[in-house]
Each structure stands twice: as structure tokens, then as C-alpha cells.
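Reading the structure
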Amino acid sequence: CHMTAMMRSSGINAEYGDPMWIMSDNLLTFMNSYKMKMAVILGLCQMTFGLFLSLINYKYFGKTLDIWFTFVPQLIFLQCIIGYMCFLIFYKWLFIDAGRDQPSIMLAMIDMFLSFGSDIEESDLIYEGQKYIQMILVVVALVMVPIMFAAKPLIEAYGKSQDTAEYEALSYDSDDDEMVQRERHEAQARLDMWVHQAIHTIEFCLGVISNTASYLRLWALSLAHSELSTVLWDMTLYYGFSSLDWDKGGFVLLFLVWAFWAVLTVTILLCMEGLSAFLHALRLHWVEFQNKFYGGDGFKFLPFSFSLILENEENLEEISNI
């Protein structure tokens, strides 16, 4: 296109970005915003993938109610808030002219809830019809909350009440104490179900915001890594290349400067920051990602042990001898 031809004629790589950003005065401002947005987009992708893994679990265990009243409302709630924010990010990247005043996505998301139904100023408007789209998304997201909380317990309570009525009709001559104990047990089970559903609903709704904010640690790690790399380059190799006298054996001193730079790069950037990045990524997988699908309600892990095998065989022999 014409824009691509103009960018190429100016020495700008239209496909991969402008490498001259590294020489600009506002490099930090640009990369700071860019990395923050990329962290949010990556977080949305991973959390959405985790929800679809929960769908596979529900289908495998035959939990139809969880599919319709847990997975579907959670997916809609997540996309109405964080998915919409990522849509604004891509829309701003693709369609907002860089020459105009840039509307703030953060303020748009805050006003979406705190200024519900209010008119949006022209300078803050990102696209036409933004006010009505945001109102619909807020209403839909709020409707999903009572569905996640009450739909499954009400349906299961109704089903159990039908089973109880059939049981009482068949066991009309049973002991009254047995019926009382059964009713108490069912009442406690219903209470536990409501408490469990309330905890999971609150945890998910709050986690949509807190988990997304937790992915911003990727932005912070990337920013720290790039700044440390720049400092090491400016204080060592760049100084060596620009200041040494090559006619007087400066290459020997340059080798020493390179060695100093290499040691700092390996110890700080590779070892220390590599370990830090690994721990943060592990935390994101364990908390923000796995809490979307992992329940941990399986069998207790028992390590392989010959002593346990021999003990079980001895017990079987004693039982058989009896």
C-alpha cells in the first residue's frame, strides 16, 4: 500500500517496526506502554485457554450443569471485561491516528463501570457507539454473576427435592429418627453447596481483575531486563568501542572490557534474571492459569515403596489363612 511504500522509502521496516526507536528520546515511554499491553493480551489468552481446559474436564466427568452454569458464564464475564480491554488495545493500534490526542484505555475501562451510562467526551472517544457497547457489556457481565452463584445450586436442590419426595413415598413406614437424620444431612449438604458456590463465584470475579493485574509482572520483568541491558552496554562495551585508542594497543583493553561485560551479562542477566523470570512464570502457571481448571480432588499420591507392597502381601496372607 501507499503507506508501506512511504515507510520503506524513509528507511522504516513496515513489517517489523522502526529500529530507530532505540535511538529516540521517548523509547522508554513507548516500550513501557507496548509491553504493558502485551502482558495483558498474553494473560487473557492463557486464562481463556485455562477456561477451555475446564470445559474438557466437565465434559469428561459428565458435569453438564458446570458446562452451562459455570464455564459459559465465566467465559462471558471474562471476555466482557478483559476481552473488551484487549479489543480496545488492538483497535487503538490499528485505527487511532497517531497525530491526534490519544484516548486512555485505562480511563475508558474505569468510566465503563464508575460512569455507567454517562456521555463520553470527544477526546476520550475511541470508536462510535462506544457508550452503548460498554453499557451492554457491563449489564451482561453483571447478569453472569448471579448465574454463576445461584443457577447450579438451585437446579441441584430442585433435583434432590424430587428424589427426596420419591424416597419418602416409598419408605412411608421407615423410622422417624432416620427421616430426621436424612433431612439434617440434606440441609447441611445444601448449605455446603451454597457456600462452595459463593466462594468460587467471588474468587473468580475478583480474580478476573487481580489475575490480569498479576500478568503485569511480565511487563515489569521485561522492562527491568531491557534497562539493565542498556546500562551494561553503555557502561562497558559502548564506552570501550568509542573511547579506546586502537593505534596504541587499545584492543587489549577492549578485550578486558568485553570480559567484564560478559561476566556481568552471564551473572546478572542470564543467571539472576533468568531465575527470577522462571519463578514468576511458574507462579503465573500455578495460580492465574491452573485455578481456572485444576481442582486437586483426585487420589492421594503414594510413592512407590517395596515395604508397602510386602506389608500388603503379608496382610493378604493373614486374611487368607483366617
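Residues numbered from 1 in each chain as written. Predicted model: local features only at pLDDT ≥ 70, side-chain atom pairs only at ≥ 80, totals over all residues. Heavy atoms only, no water.

1. What about the overall build of the protein chain?
We apply this condition: Strands are runs of DSSP state E lasting at least 2 residues, helices are runs of H or I lasting at least 4, and numbering of each runs from the N terminus. Exposure is judged per residue with a 1.4 Å probe applied to protein chains only, and the accessible area is read against the type maximum: over 50% gives exposed, under 20% gives buried, and values in between give partly exposed. In this description, contact between two residues means that some pair of their heavy atoms is separated by no more than 4.5 Å. What sets the accessible areas is the Shrake-Rupley method with a 1.4 Å probe; for residues, cover comes only from the shown protein chains.
A tally of helices and strands in the protein chain yields nine helices and zero strands. Scored against the burial criterion, the 322 residues of the protein chain give a buried share of 28%. For the protein chain, the share of sequence-separated contacts (at least 6 apart) that also reach a separation of at least 24 residues comes to 71%. Entry remark: accessible area of the protein chain is about 22,100 Å², with carbon and sulfur atoms responsible for 67%.

2. Looking at the state of the cysteines
Counted only if it meets this: Cysteine sulfurs are considered disulfide-paired once they come within 2.5 Å of each other.
Within the structure shown, the criterion is met by zero disulfides. A disulfide-free cysteine, C45 has its sulfur positioned 7.0 Å from the sulfur of C86, the nearest such atom.

3. Examining the pattern of salt bridges
To be explicit about the condition: Throughout this description, the term salt bridge denotes a Lys or Arg side-chain nitrogen within 4 Å of a carboxyl oxygen of Asp or Glu.
Going through the model one piece at a time under the given rule, you end up with three salt bridges. The partner of D119 in a salt bridge is K131, and the shortest N-O contact between them spans 2.8 Å. Note that D119 is positioned in the loop between α4 (105–114) and α5 (130–170) and K131 in helix α5, a separation of twelve residues in sequence.

4. Focus: the nonpolar core
So the rule is basically this: Residues grouped as a nonpolar core are buried Ala, Val, Leu, Ile, Met, Phe, Trp, Tyr and Cys residues, joined through side-chain atoms within 4.5 Å.
The biggest cluster of nonpolar side chains holds 38 residues, and the ones touching the most others in it are F77, I82, L88 and M109. Of all the elements, helix α3 (residues 64–95) adds the most residues to this core, at 13 residues. If we skip the residues at most four places from it in the chain, I82 touches V40, L44, V208 and T212.

5. As for a nonpolar patch on the surface
Just so we agree on the cut-off: A patch consists of residues exposed above 30% relative accessible area that lack any salt bridge, with like charges linked at up to 9 Å and nonpolar side chains (Val, Leu, Ile, Met, Phe, Trp, Tyr) linked at up to 5 Å.
On the surface, F30, Y34, M38, F90, W93, L94 and F95 cluster together into a nonpolar patch covering about 710 Å² of accessible area. Elements represented by at least two residues in the nonpolar patch include exactly α2 (27–60) and α3. Mapped onto the secondary structure, W93 falls in helix α3.

6. Quick notes on the packing of α3 against α4
Using the following cut-off: Axis definition: a line fit to C-alpha positions, over the contact stretch in the case of helices; interaxial angles, taken between N-to-C directions, run 0 to 180 degrees. Crossing handedness is read from the near helix: turned anticlockwise from the far helix by less than a right angle, it gives a left-handed crossing, and turned clockwise, a right-handed one. Nonpolar residues are Ala, Val, Leu, Ile, Met, Phe, Trp, Tyr, Cys and Pro. Charged residues are Asp, Glu, Lys and Arg, and all others, Gly as well, are polar.
Where α3 contacts α4, the axes come no closer than 10 Å and their chain directions differ by 145°. Once α3 is placed against α4, the crossing between them reads as right-handed. Across the interface between the two elements, C80, I81, Y84, M85, L88, I89 and K92 from α3 touch I105, A108, M109, M112 and F113 from α4. Here the residues of the contact of α3 with α4 sort into eleven nonpolar, no polar and one charged.

7. What to know about the confidence of the model for the protein chain
Under the convention used in this document: pLDDT is defined as a per-residue confidence score from the predictor, taking values between 0 and 100.
The predicted model of the protein chain has a mean per-residue pLDDT of 84, with 84% of residues at 70 or higher. Ranking the helices and strands of the protein chain by mean pLDDT puts α3 first, with 95, and helix α1 (residues 2–9) last, with 44. Below a pLDDT of 50 lies the segment residues 1–9, which in the model reaches four contacts outside its immediate sequence neighbourhood of four places, other chains included. Taken together, the stretch residues 11–16 has pLDDT below 50 and engages in six contacts with residues farther than four places along the chain or on a different chain.

8. Some remarks on the side chain of Q134
For the record, the criterion: Definition of a polar contact: a pair of N or O atoms within 3.5 Å, with one able to donate and the other able to accept a hydrogen when the atoms are protein atoms, and with sequence-neighbouring residues admitted only if both atoms are side-chain atoms.
By secondary structure assignment, the location of Q134 is in helix α5. Separated by 2.9 Å, the side chains of Q134 and Q130 make a polar contact. Once you skip the residues sitting within four places of it in the chain, Q134 turns out to touch Y84, A108, M112 and I120.

9. Focus on the environment of D111
When you line up the elements, D111 lands in helix α4. Sequence separation between D111 and Q134 is 23 residues, and the spatial gap between their C-alpha atoms is 9.5 Å.

10. A word on the packing of aromatic side chains
Let me state the cut-off plainly: When the centres of two rings from Phe, Tyr and Trp lie within 6.5 Å, Trp using its six-membered ring, the rings pair. Their planes under 30 degrees apart give stacked, over 60 give edge-to-face, and anything left gives tilted. We count a charge as sitting over a ring when the NZ of a lysine or the CZ of an arginine lies within 6 Å of the ring centre and within 35 degrees of the ring normal.
For the structure on display, the rule yields 16 aromatic pairs. An aromatic cluster of three or more residues is present, and its members are Y84, F87, Y91, F95 and Y127. Directly above the ring of F61 sits K63, whose terminal nitrogen or CZ lies 5.8 Å from the centroid.

11. Structural notes on the packing of α2 against α3
Using the following cut-off: Orientation is classified from the angle alone, with under 35 degrees giving roughly parallel, over 145 giving roughly antiparallel, 65 to 115 giving roughly perpendicular, and any other angle giving oblique.
At their nearest, the axes of α2 and α3 sit 10 Å apart, and the two run at 160° to each other. Between α2 and α3, the interaxial angle falls into the category roughly antiparallel. Handedness of the crossing formed by α2 with α3: left-handed. Counted by class, the contact of α2 with α3 contains 20 nonpolar, six polar and three charged residues.

12. Structural notes on α2
Three or four residues apart is the spacing at which side chains of an α-helix point the same way, because the helix has 3.6 residues per turn. Definition in use: One less than the number of residues in a helix, times 1.5 Å, gives the span that helix is expected to have.
A rise of 1.5 Å per residue sets the reference length of α2, with its 34 residues, at 50 Å; its end C-alpha atoms lie 49 Å apart and thus fit the reference within 8%. Downstream of α2 by one or two residues, G62 has phi in the positive range, about 70°.

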